[in-house]
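Residue strings, one per chain:
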Amino acid sequence: MLAFLVAILLLALLPLAGNRYAIDLATEALIYALFALSLNVLIGFTGNISFGHAAYFAIGGYACAILLTTYGWPLVLSLPAAVVLAGIVAAVVGYFCVRLTQIYFAMLTLAFAMLVWGVAFKWKEVTGGDDGFTGIKVPDLLASPASYFYFTLAMVAAGIVLLWIICHSAFGLTLVAVRENSVRTGFIGVDTRRMRWAAFTVAGTFAGLAGALFGMYHRGMYIENAYWTESAQVLIMVLLGGMYSFVGPLLGAAVLYLLQVFTNQYTIYWPTVLGLILLVIVLVLPDGLVGLVERVKARLVRA
Amino acid sequence: MSTMLHIQGLWKSFAGFVATRDVSFELEAGRTHAVIGPNGAGKTTFFNLITGHLRPDKGKVAFEGRDLIGLPPQKIVRLGIARSFQRINIYPRLTVFENVQVALIAHEHQQWNLFRPGRSLHRQETGELLELVGLAAEAAEIGGELSYGKQKQLELAIALASKPRLLLLDEPTAGMSPQETAETIASVRDIVKARGLTLLFTEHDMSVVFGIAERISVLHHGEIIASGTPDAVRNDAEVKRVYLGEQVNA
Amino acid sequence: MTLTMFTLNAFYGLALAMNMFIIASGLNLIFGVLRVINFAHGMFYMFGAYIIFSVTKSWGAPFFVGVLAAAAGLAVIALVIERLLLRHLYDREHLMQLLFTFALVLLMSDAAKMIWGTDQYSVGYPPGLGGAVNLGFVVLPQYQLFLCVVGPLIAITMWVLVDRTRWGRIVRAATQDREMLAALGVNVPMVYAAVFTIGSALAGIGGALAAPRVALVPGMDATIINECFIIVIIGGLGNLWGSFLGALAFGFVVQFGTVWVPNWQDVLPYVLMLLVLLVRPWGLLGRPEVGH
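By convention here, each chain's residues receive numbers from 1 onward along its written sequence. For this description, chains carry letters from A and ligands carry numbers from 1, given in the order in which they are written. Under the rules for a predicted model, residues below a pLDDT of 70 receive no local features and side-chain atom pairs below 80 are neither given nor counted, while totals for whole chains, interfaces and linings still include all residues.

## Topic: the overall build of chain B
Logical step 1: For chain B, the count of helices and strands is 9 helices and 10 strands.
Logical step 2: Against the globule reference of 18 Å for 250 residues, chain B gives a C-alpha radius of gyration of 18 Å, in line with a compact fold.
Logical step 3: Considering only C-alpha atoms, chain B reaches an extent of 60 × 40 × 40 Å along its principal axes.
Logical step 4: Three exposure classes are used. Buried residues have 20 or more other C-beta atoms within 10 Å of their own C-beta, exposed residues have 12 or fewer, and partly exposed residues fall in between, all C-beta atoms being placed from the backbone. Expressed as a percentage of the 250 residues in chain B, the buried residues total 43%. Runs of E in the DSSP output that reach at least two residues are strands. Runs of H or I that reach at least four are helices, and both are numbered from the N terminus. For a compact globule the rule gives 2.2 Å times the number of residues to the power 0.38, and the radius of gyration it is set against comes from C-alpha atoms.

Structure follows, in structure tokens:
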């Protein structure tokens, strides 16, 4: 809790340094942190891997963008509406996906995500197709990088707090039980399928929030944001950070995002770097950076 | 005494192998009833058919008048039946405390509460249950690291957390030393008496059974070959043939 | 719609289905035996198409040499991957295996970029199959006829191999109980390697055969892997004839979709999948996994 407040405080001081580049990096890193955290509700807490989480990110982003720009809604309506829409779509897709388990579940999430991508691609009149939806009307109040940064910081912090409450609630504990032993959990009276459905919906809702923030920040949404590569990336963020801890995804998002920005300055082969990172995680670091830190700490304590 | 569990003409086959053969069975409320039989007799299958893990091919299972067939396990628990599993089925990576706490949370339908912190709920009751099964000292330990006997105790605690009226224990003393067996059985008997539970358990250790069961049914190759008071069963010719015959061949 | 148009469309649908079946059958086989979903299967398909392009365009080799090259090339790539890396993951949870194949996609996509660049390529129909057959009321292209023959041939061959031969029995046993099989003296790692190799070679063959029909661009792997997923999900994961049925459903839906609801035909397979899953959550011929 204290660490969280300190981090928020430090971040709040960032714009005072006046470095535009740092503000931009921090804004986008925060958005990805929320996105990764939302996915971990599904992966870390419930134990269900989704390969199509970008779909809800994209829906949140596009919906907010379209409502703001095409329909001229005020932000105070567009943002919640976009988040709710992402949640609704997650609920609908989740309904189908939770009837299956494990790999089948994962594949189905991917298939649905590509469906969302396909719709975004084809529905040119509404989404702009592969040209993207550009020129998003962000309210004047948030037009400057610093002010948008504070807005993002506030929204992401609120999201993190809410997710923290949810993940540590009775609901969250039961999700962990579902992950740890779903047969046992059925036999203490829990409808495990409904729990997984709820987790899916919660995850999609917060991803939608991240997406809305993302779209407004970039003043545009592009179909790449719904492509499987975006889903792969956020998945790797969660795994890199460590899926069994709450803060893992936050760490993983920050590290991976900064790594990507850095790599893209030198080479076009970021996918290779990403692939190698994933290989390392799979072969050596399944519990991510947080897991690594814990293991090192344990070894130091023993020494 | 009323009939708590009414089973009639239960059949179950697995690809041609008949695991449960025309089993009929009545369990009176408040009784302690044992189902015994050698390994492979179909005891666990029988339990699985009652608790919704398996669907019978034919037959009827009714609990307090309600038909159980087709209900998923979580609905069956809510009706008042809890069970332990023959192969340990706890949460190995959660602490002993959390193992029981989660069951209590679920029992109170609080798994849908997105806001109250999980760790703070039902702490007292969890402590009491752990005390009851003798695991109070191990509350902070990881479930999977307990000794086998203690894990079985944990299974019992989890089952009790669902506040059942009917308790099904699948081989509660399997793999235990004679000492542990005696302790477990004594503990179970006390708990059952104190809470007025109906107990249905399976065993293949005969001495255990004769100590606490008020009624015994003998399962052999999926069929019930004898059912009645311990004395009646002990003296049953068929039972003697099956058990003595098996012992001679063993 | 006239009879001619209907027959022509049905025929194109069948040809598409057969091409898709060849690719999807590999994914299905690998999953059926190894219980691994190879996300890189789409990449293998793409490599198959690019290999036949290189072999025919750059080296001037005939088309069928190109198909063989694609099969051989993918077989080698798959074998190396399986022996060097994948086999260490068989005892890990499925998630880790999936992620590994995900990593493969990333690495191979950049490899493709490095080898072939990002231009769009095309491969011509092989001479001898570039023409058409006139049936009076309809004229059918020879290449698609060829696909309609090869597809069922491969299906039947696979079925005979898996169902009727000793090797097939071993393969089927490997899906049930690997340890038992090893205890019986079967070289299980070799079985696994063989299955992964053959399944991936099928992707390569499918890619090579698809090359004259499709545009060779970066990203063709993503479209294909999704379509393969839809097909095996519809058919039932692990079931050979399920994949065949799924491919047929896919082919016809897409082909007639192009005619009746142009521009949205890509969405139709998903709708189809949804409808199938509503009625049969594990696919048309699939069954829920026991104990997984």
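## Let's talk about unusual backbone geometry
Keep in mind that most residues, glycine aside, have a negative phi and that most peptide bonds are trans.
Logical step 1: Phi is positive for Glu64(B), which is not a glycine, with a value near 50°.
Logical step 2: Checked against the element boundaries, Glu64(B) lands in the loop between strand S4 (58-63) and strand S5 (66-67).
Logical step 3: Given 16 C-beta atoms within 10 Å, Glu64(B) falls into the partly exposed group.
Logical step 4: Even without a glycine there, the phi angle at Arg35(C) is positive, about 60°.
Logical step 5: Here Arg35(C) lies in the loop between helix H1 (3-34) and helix H2 (41-58).
Logical step 6: A count of 18 C-beta atoms within 10 Å places Arg35(C) in the partly exposed class.

## Notes on the domain arrangement of chain B
Residue and element names in this part refer to chain B.
Logical step 1: Per the annotation, domain bounds derive from an automatic or database assignment of domains. In terms of domains, chain B is made up of domain 1 (1-80 + 164-250) and domain 2 (89-163).
Logical step 2: One C-alpha centre belongs to domain 1, the other to domain 2; they are set 25 Å apart.
Logical step 3: The partner domain 2 presents 10 residues to the 10 residues of domain 1 that form the contact.
Logical step 4: With 4 residues, helix H6 (residues 178-195) is the largest single contributor of residues to the side of domain 1 that touches domain 2.
Logical step 5: Classification used: nonpolar for Ala, Val, Leu, Ile, Met, Phe, Trp, Tyr, Cys and Pro, charged for Asp, Glu, Lys and Arg, polar for all others including Gly. Residue composition of the side of domain 1 that touches domain 2, grouped by class: 6 nonpolar, 3 polar and 1 charged. By definition, residue pairs are in contact when their C-beta atoms, positioned from the backbone, come within 7 Å.

## Overview of the confidence of the model for chain A
Logical step 1: Per-residue confidence for chain A averages 90 on the pLDDT scale, and 100% of its residues sit at or above 70.
Logical step 2: Across chain A, helix H10 (residues 192-218) of chain A holds the top mean pLDDT of 95, while helix H1 (residues 2-13) of chain A sits lowest at 82. One number per residue, pLDDT, summarises how confident the predictor is, and it ranges from 0 to 100.

## Let's talk about the interface of chain C and chain A
Logical step 1: With 29 residues of chain C at the contact, the number on the chain A side is 28 residues.
Logical step 2: Every element with two or more residues in the side of chain C that touches chain A is listed here: helix H4 (94-116), helix H9 (220-235) and helix H11 (268-279) of chain C.
Logical step 3: Ranked by residues supplied to the side of chain C that touches chain A, first place goes to H4(C) with 12 residues.
Logical step 4: Among the residues forming the side of chain C that touches chain A, the class breakdown is 22 nonpolar, 5 polar and 2 charged.

## Overview of H11(C)
Logical step 1: Each helix should span, by expectation, one fewer than its residue count multiplied by 1.5 Å. Taking 1.5 Å per residue as the helical rise, H11(C) with its 12 residues ought to reach 16 Å, and the 17 Å between its terminal C-alpha atoms agrees with that figure.
Logical step 2: Next to the buried residues of H11(C) lie helix H4 (75-97) and helix H5 (102-122) of chain A together with H9 and helix H10 (240-260) of chain C.

## Quick word on the pairing of strand S1 (residues 3-14) of chain B
Residue and element names in this part refer to chain B.
Logical step 1: Examined bridge by bridge, S1 and strand S2 (residues 17-28) share 8 bridges and lie antiparallel to one another. Paired with Leu5 across the two strands is Leu27, which belongs to S2.
Logical step 2: Note on pairing: two strands pair once DSSP finds at least 2 bridges between them. Note: S1 against S4, 5 bridges, orientation antiparallel. Of the residues in S4, the one forming a bridge with Ile7 is Val61.

## A closer look at the sheet that holds S5(B)
Residue and element names in this part refer to chain B.
Logical step 1: Spatially, the 4 strands line up as an open sheet ordered S2-S1-S4-S5, and their pairing is antiparallel. With one partner strand each, in any of the chains shown, S2 and S5 form the two edges of the open sheet.
Logical step 2: Every angle, taken between N-to-C directions, lies between 0 and 180 degrees, and every axis is a line fitted to C-alpha atoms, over only the stretch in contact when it is a helix. Contacts from helix H1 (residues 43-50) reach S1, S2 and S4, with the element oriented near 65° to S2.

## Things to note about the sheet that holds strand S3 (residues 32-36) of chain B
Residues and elements named next belong to chain B.
Logical step 1: Spatially, 6 strands are ordered S6-S7-S8-S3-S9-S10 in an open sheet, and the strand pairing comes out mixed. Among the strands making up the open sheet, the edge pair consists of strand S6 (81-84) and strand S10 (223-228). Between one strand axis and the next, the sheet turns through 15° on average, direction left out of account.
Logical step 2: Where helix H5 (residues 148-161) meets the sheet, its contacts fall on S6 and strand S7 (166-170), and the angle it forms with S6 comes to roughly 170°.

## With respect to the packing of helix H2 (residues 20-45) of chain A against helix H11 (residues 228-241) of chain A
All names here are of chain A.
Logical step 1: Contact pair H2 / H11: the axes reach a minimum separation of 9 Å and the direction vectors enclose 75°. The pairing of H2 with H11 is recorded here as roughly perpendicular in orientation. Counted together, Tyr32, Phe35, Ala36, Leu39, Asn40, Ile43 and Gly44 of H2 and Val234, Leu235, Met237, Val238 and Gly241 of H11 form the full contact between these two elements. An angle below 35 degrees is read as roughly parallel, one above 145 as roughly antiparallel, one from 65 to 115 as roughly perpendicular, and any other as oblique.

## As for the packing of H4(A) against H10(A)
Residue and element names in this part refer to chain A.
Logical step 1: Contact geometry of H4 with H10 gives a least axis separation of 7 Å together with a crossing angle of 145°. As for the relative orientation of H4 and H10, their crossing is right-handed in sense. Residues Leu79, Ala82, Val83, Leu85, Ala86, Gly87, Val89, Ala90, Ala91, Gly94, Tyr95 and Cys97 of H4 pack against Trp197, Phe200, Thr201, Ala203, Gly204, Thr205, Ala207, Gly208, Leu209, Gly211 and Ala212 of H10.
Logical step 2: In the contact of H4 with H10, the residues fall into 16 nonpolar, 7 polar and no charged. Two helices that cross are described as forming a left-handed crossing if the nearer one is turned anticlockwise from the farther one by less than a right angle, and a right-handed crossing if clockwise.

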